[in-house]
Protein chains: 2
Amino acid sequence: MPLPVEFWPVEFWFEFASSYSYLSVMRVETEAAQRGVSVIWRPFLLGPAFKAHGWDTSPFRVYPLKAKYMWRDMERRSAALGIEFNRPPPDKMDTFPQFTVTAARIAIIGLDADWGKDFCRNVCRAEWVDSANIADKALLAKLAVQAGAPTNIMKLASHPDAKLKLRHQTERATKLKIFGAPSFTVGDELFWGDDRLEDALDWAAKS
Amino acid sequence: MPLPVEFWPVEFWFEFASSYSYLSVMRVETEAAQRGVSVIWRPFLLGPAFKAHGWDTSPFRVYPLKAKYMWRDMERRSAALGIEFNRPPPDKMDTFPQFTVTAARIAIIGLDADWGKDFCRNVCRAEWVDSANIADKALLAKLAVQAGAPTNIMKLASHPDAKLKLRHQTERATKLKIFGAPSFTVGDELFWGDDRLEDALDWAAKS
């Protein structure tokens, strides 16, 4: 059954482990505002989505050449977009892709309040500018509080309810046949990749 | 594990079939604004929540005296609150409690856009002022479009994704041990009933 796209909000699906998601996190609000489109942010986990689609690992692990290309492409695109980006140094490469469950849980909590988008941008900058380990809970707590989260945020993030919300979000991503990040859904229309961000927003604006 | 309430948004859980939910739908935003508190609206289905708690029907069916009392209490409280309310006439009583699945699905779609709260208020007034049958899809479509929904809203509401969202929301209500409507959650604090609306908002405001 096709899902009509008229008046449907754009949903922005991203995964902190995904380099291209970083670009979209940093620029989606500006691009959306220019078009008068509203965007709902949906952090999710790619790992379980891959599994649900029958893949047991990231395509970047299956195709090392693609990973190599991705890093170079990221350098070029970030420069072109004016977004700061530092390729992780070789001694830190073994932490990529990063473990993002906790960051995603915090993000979901923050997106139900008013500090979620700032938190996401903080996490992305830590990861993709400073090559920091965003599985580090002390770092995550600091970035969250800087964005406006309560000081007990790590307690909130480990609550079963936060886990349930992230699980639900990932389950929806899977049902929507999302197989990569970032993705944008406008009704049944799926757009994959930061390089389709404008297309997705234009689609929503013209609907 | 206790969920700390500090800075947690108030979640307002309601069911269109519930008379007391009507009162909260009509007044929650005014009361929240007075306290500087933000409220996230969460329509859900009481039936599946009851089942998950091991109950096979509404307590109002188990205790007819309570149902009788409820109608009189609704007349008094609505008058005291200045909210229009008409007890359903005897010949329409067999449609109460109403079948609310479609209304709830539309509400969830609208709450992700900007017309959800108006739609909820429209549905509630149709049900509790005009004694209309809110399972009537033509009526729901009309009320939704009046609130600002696209004209193809009924197609959106029958999409598997709309069903999934309502299922997830009801599952969360169950996990949060919600057993009646309206309910308000502020972290792990559960407040049940329109007569606890102020308490819930005060709790959030002082946290």
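Only a predicted model underlies this, so the values are computations on that prediction, with no experimental measurement involved.

Conventions adopted
Residues numbered from 1 in each chain as written. Chains lettered and ligands numbered in written order. Predicted model: local features only at pLDDT ≥ 70, side-chain atom pairs only at ≥ 80, totals over all residues. Heavy atoms only, no water. Pairing = 2+ DSSP bridges. Helix = DSSP H or I, 4+ residues; strand = E, 2+ residues; numbered from the N terminus. Axes fitted to C-alpha atoms, helices over the stretch in contact; angles between N-to-C directions. Contact = heavy atoms within 4.5 Å. Salt bridge = Lys/Arg side-chain N within 4 Å of Asp/Glu carboxyl O.

(A) Local environment of the pairing of strand E4 (residues 189-192) of chain A. Residue and element names in this part refer to chain A. Both strand E3 (residues 183-186) and E4 contribute to a ladder of 4 bridges, which runs antiparallel. Each residue of the ladder has a partner; that of Thr185, found in E4, is Leu190. Between E3 and E4, which follow one another and run antiparallel, lie 2 residues, and Gly187 among them has a positive phi close to 60 degrees.

(B) Region of the structure containing the sheet that holds strand E2 (residues 39-43) of chain B. All names here are of chain B. Read across the sheet, 4 strands follow the order E2-E1-E3-E4 without closing on themselves; strand pairing throughout is mixed. Strand pairing shows two members of the sheet lacking a second neighbour, E2 and strand E4 (189-192), which therefore form its edges. Strand-to-strand, the axes of this sheet are offset by a mean angle of 20 degrees, without reference to chain direction. Across the sheet, helix H10 (residues 197-206) lies against strand E1 (10-14), E2, strand E3 (183-186) and E4, angled at about 10 degrees from E3, the strand it touches most.

(C) Region of interest: the pattern of salt bridges. All chains considered together, the criterion is met by 35 salt bridges over all chains. The closest approach of N and O atoms between Arg42 of chain A and Asp112 of chain B, which form a salt bridge, is 3.0 Å. In this pair, Arg42 of chain A is assigned in strand E2 (residues 39-43) and Asp112 of chain B in helix H5 (residues 101-112), connecting two distinct chains.

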